[in-house]
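Results of the structural survey
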Amino acid sequence: MAPSHRRPGVDELAQGAVDAVDEQLLAGIAALFETLDPVPAGLVERVQFGITLEALHAEIAQLQRGDQLAGARAEELTDARTITFTSSTLATMITVTPTGGDTVRIDGWIAPGAGVLVELRIVGSSRHAVADDDGRFVIDAVPRGLAQLVLRPAPGNDALPVVTPSVDL
């Protein structure tokens, strides 16, 4: 009687070591997905940027509006835009105005906002300001790119911080 040549089952293959054939098949599948459904540009950076908020107990604000603003006359058009965020405790509006090649100025208003500690998180660093008695704050010379606001209540206020969605400046 001739020796039987048994083919390994799926369970045996799954428990075996990854070999060159497996690596070649996985590389082909990865190339197929990269062609048909590539990772969106900036997704990895946005995930890494937002993941640091994992341990922060905060209220998440919702993006309400982002408008392009225009100057008084057509030939004086500006790239300034306004963005509004709301949460159950705060309303925040920022105007983003280009100030140079790769920088912007952020003028913001928070209601109620007196004494709110403002942190503008940008990739690799953050900028800070304190809202005045009218809830106004300014952060100048901000590099363009992905940014997020963390609004912490004034000292003595036990409300949760408010975190905005990330926006591209």
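Owing to the predicted nature of the structure, the values given are computational and were not obtained by experimental measurement. (Residues numbered from 1 in each chain as written. Predicted model: local features only at pLDDT ≥ 70, side-chain atom pairs only at ≥ 80, totals over all residues. Heavy atoms only, no water.)

**Comments concerning the overall build of the protein**
So the rule is basically this: Going along the chain from the N terminus, every DSSP run of H or I of four or more residues is numbered as a helix, and every run of E of two or more is numbered as a strand. Only protein chains enter the calculation, and the probe is 1.4 Å; a residue is then buried if its accessible area is under 20% of its type maximum, exposed if over 50%, and partly exposed in between. Pairs of residues are marked as contacts when any of their non-hydrogen atoms sit within 4.5 Å. To measure how exposed things are, a 1.4 Å probe is used in the Shrake-Rupley method; for residues, cover is taken only from the protein chains shown.
Broken down by element type, the protein carries three helices and eleven strands. Walking the protein from its N terminus toward its C terminus, one meets helices and strands in the order α-α-α-β-β-β-β-β-β-β-β-β-β-β. Split into buried and exposed, the 169 residues of the protein put 28% on the buried side. Put simply, of all contacts in the protein between residues at least 6 apart along the chain, 46% involve residues at least 24 apart. Of the accessible surface of the protein, which amounts to about 11200 Å², a share of 57% is contributed by carbon and sulfur atoms.

**Brief notes about the side chain of T82**
As a reminder, the rule being used: Any pair of N or O atoms that falls within 3.5 Å is considered a polar contact. Within protein, one atom must be able to donate a hydrogen and the other to accept it, and sequence-neighbouring residues count only if both atoms are side-chain atoms.
Mapped onto the fold, T82 is located in strand β3 (residues 81–86). One polar contact links the side chain of T82 to the main-chain carbonyl oxygen of I94, over a distance of 3.3 Å.

**Regarding the pairing of strand β9 (residues 146–152)**
Applicable threshold: Two strands qualify as a pair provided DSSP detects at least 2 bridges between them.
Judged by how many residues are buried, β9 sits mostly within the fold: six of seven residues are covered. Of the pairings in the sheet, the one linking β9 to strand β11 (residues 167–168) comprises two bridges and is antiparallel in character. When the sheet's bridge partners are listed, L146 is paired in β11 with D168. Sheet topology places β9 next to strand β10 (residues 162–163); two bridges connect them, and they run antiparallel. Bridging from a neighbouring strand, V150 pairs with V163 of β10.

**Focus: the pattern of salt bridges**
Selection criterion: For salt bridges, the criterion is a side-chain nitrogen of Lys or Arg within 4 Å of an Asp or Glu carboxyl oxygen.
Across all of its chains, the model carries three salt bridges by this definition. A salt bridge links D107 to R105, with the nearest nitrogen and oxygen atoms 2.9 Å apart. The buried category is assigned to D107, whose relative accessible area is 10%.

**Section: the nonpolar core**
General note: in soluble globular proteins, nonpolar side chains tend to be found buried as a group. Rule in force here: Grouping buried Ala, Val, Leu, Ile, Met, Phe, Trp, Tyr and Cys residues that are joined through side-chain atoms within 4.5 Å yields what is termed a nonpolar core.
Residues I106 and V118 are the most contacted members of the largest nonpolar core, which totals 24 residues. Elements that contribute at least two residues to this core include exactly β3, β4 (91–100), β5 (103–111), β6 (117–122), β8 (136–143) and β9. Ignoring anything within four residues of it in the chain, the contact list for I106 reads I94, T95, V96, L120, F137, V138, I139, V142 and L169.

**Details of the pairing of β5**
Sheet topology note: the β4/β5 ladder contains nine bridges and is antiparallel. By the bridge assignment, G100 is partnered in β5 with T103. The hairpin turn running from β4 into β5, its antiparallel successor, is two residues long. Here β5 pairs with β8 via six bridges, running antiparallel.

**Observations regarding the confidence of the model for the protein**
Any segment with low pLDDT has predicted coordinates that should not be analysed in fine detail. The cut-off we apply is this: pLDDT measures the predictor's confidence residue by residue and takes values from 0 up to 100.
Residue-level pLDDT values for the protein average 82, and 81% of them are 70 or greater. Long-range and interchain partners of residues 68–77, a stretch whose pLDDT sits below 50, account for 13 contacts in this model, where long-range means more than four residues apart.

**Regarding helix α2 (residues 20–36)**
For the record, the criterion: Here the expected length of a helix is defined as 1.5 Å per residue gap, with one fewer gap than residues.
Over its 17 residues, α2 runs 24 Å from end to end, which matches the ideal 24 Å to within 8%, given 1.5 Å per residue. For α2, a buried count of zero out of 17 residues is recorded, marking the element as mostly open to its surroundings. Between a side-chain oxygen at the N-terminus of α2 and the backbone nitrogen of V21 the separation is 3.1 Å; the capping residue is D19.

**Things to note about unusual backbone geometry**
That bond from A111 to P112 is cis: its omega, -20°, falls within 30 degrees of zero. The backbone phi angle of A141 is positive, close to 55°, even though this residue is not glycine. By the secondary structure assignment, A141 is in strand β8.

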